[in-house]
Every structure is written in structure tokens, then in C-alpha cells.
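Here are the chains, one letter per residue:
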Amino acid sequence: MFELQFFFKAFLLGVLMMISYDVIRIFRRLIPHGTAAVAVEDILYWLICGVSIFRMLYLENSGAIRGFAIAAVVLGMLLYLQVAKILKKIGKKLHNSVKQVIINSKSS
């Protein structure tokens, strides 16, 4: 049972890492950044992620690196990317549909 909980926590950490990177990407779109600023943000992001993974491994597994924990983090990241891609497509279709309804109602 402990391994399953550990796997789930590692999976959630991967999802949270990708959510936080999406927040950074949104911030970059709202406020244009130069190359140096993007590099600093990325370095800080990965340092925080590395510390978070180390902390999780230390607290949950006495610091021992388990392959399935790293796989769970990666799996969480990949699953989030796939779900986000699907939601983005749905959002785009919904946006286009609403836009089309508005255009048709104005021309009537």
C-alpha cells in the first residue's frame, strides 16, 4: 500500500510541475521576456523542481531513489501534457463555434 501512495504522490508532483510551468508560459505571454530572463526563469524552475523531487524522495522514501517514483513523475508530466492538448483543442473548437454564432447573429 505504501508503494501505491508513494507512486500517486510522485505522479501528482509531476502534474504540479507541469501546471507550474504552464503558469510560467502564460506569464511570458502576458509580459514579453528577453532571452536572459527566460533562461533565468527556466533555471529557477528546474532548481525548484529538483529540490521538490529530492524532498519528496527524502520524506517519503528516506532519500532512496526508486525508479518507479521517477517514472511516476514523468508519467504525471506526460499525462498532463496530453490532457492539456485535448482541452486546448476543445477550447479552440468552442471558441470558434461561439465566434461563428456571434458573426451569424450580427449578419441577421
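Below you will find a few notes about this structure. Here the structure is a predicted model, which means the values were calculated and not measured.

The rules behind each value
- Residues numbered from 1 in each chain as written.
- Predicted model: local features only at pLDDT ≥ 70, side-chain atom pairs only at ≥ 80, totals over all residues.
- Heavy atoms only, no water.
- Helix = DSSP H or I, 4+ residues; strand = E, 2+ residues; numbered from the N terminus.
- Expected span 1.5 Å × (residues − 1).
- Buried < 20%, exposed > 50% of the residue type's maximum accessible area, 1.4 Å probe, protein only.
- Contact = heavy atoms within 4.5 Å.
- Salt bridge = Lys/Arg side-chain N within 4 Å of Asp/Glu carboxyl O.
- Axes fitted to C-alpha atoms, helices over the stretch in contact; angles between N-to-C directions.
- Parallel < 35°, antiparallel > 145°, perpendicular 65-115°, else oblique.
- Left-handed = near helix turned anticlockwise from the far one by under 90°.
- Nonpolar A, V, L, I, M, F, W, Y, C, P; charged D, E, K, R; others polar.
- Core = buried A, V, L, I, M, F, W, Y, C linked by side-chain atoms within 4.5 Å.

Attention shifts here to helix α1 (residues 2–30). Over its 29 residues, α1 runs 42 Å from end to end, which matches the ideal 42 Å to within 8%, given 1.5 Å per residue. Taken together, the buried positions of α1 are occupied by Phe-6, Ala-10, Phe-11, Leu-13, Gly-14, Val-15, Met-17, Met-18, Tyr-21, Asp-22, Ile-24 and Arg-28. Those residues of α1 hidden inside the fold are in contact with α2 (35–61) and α3 (67–107).

Within the structure shown, the criterion is met by four salt bridges. Arg-25 is the partner of Asp-22 in a salt bridge, and the nearest nitrogen-oxygen pair spans 3.3 Å. Of this pair, Asp-22 and Arg-25 both sit in helix α1, three residues apart, which is roughly one turn of that helix. Look at Asp-22 and you get buried, because its relative accessible area is 16%. Here Arg-25 falls in the partly exposed class, since its relative accessible area comes to 36%.

So, on to the packing of α2 against α3. Think of two packed helices as two axes; the pair is described by the angle between the axes and how far apart they sit. Across the interface, α2 lies against α3 with an axial gap of 11 Å and an inter-helix angle of 135°. As far as their axial angle goes, α3 and α2 are oblique. Handedness of the crossing formed by α2 with α3: right-handed. When α2 is examined against α3, the residues Trp-46, Ile-53, Met-56 and Leu-57 are found in contact with a partner set consisting of Ala-69, Ile-70, Val-73 and Met-77. For the contact of α2 with α3, the class distribution of residues is eight nonpolar, no polar and no charged.

What follows is about the nonpolar core. Ala-10, Met-17, Tyr-45, Ile-53, Met-56, Leu-57 and Val-73 are the most contacted members of the largest nonpolar core, which has 19 residues in total. Contributing elements (two or more residues each) for this core: α1, α2 and α3. If you tally residues by element for this core, the top one is α1, at nine residues. Discounting residues that sit within four places of it in the chain, Leu-57 has contacts with Phe-6, Ser-62, Gly-63, Ala-64, Ile-65, Ala-69 and Ile-70.

Between α1 and α2, the shortest axis-to-axis distance is 11 Å and the interhelical angle comes to 165°. Taken together, the axes of α1 and α2 are roughly antiparallel relative to one another. Viewed along their axes, α1 and α2 form a crossing whose handedness is right-handed. Contacts from Phe-2, Phe-6, Lys-9, Ala-10, Leu-13, Met-17, Met-18, Ser-20, Tyr-21, Ile-24, Phe-27 and Arg-28 in α1 reach Val-38, Glu-41, Asp-42, Tyr-45, Trp-46, Cys-49, Ser-52, Ile-53, Met-56, Leu-57, Glu-60 and Asn-61 in α2. Broken down by class, the residue content of the contact of α1 with α2 amounts to 16 nonpolar, three polar and five charged.

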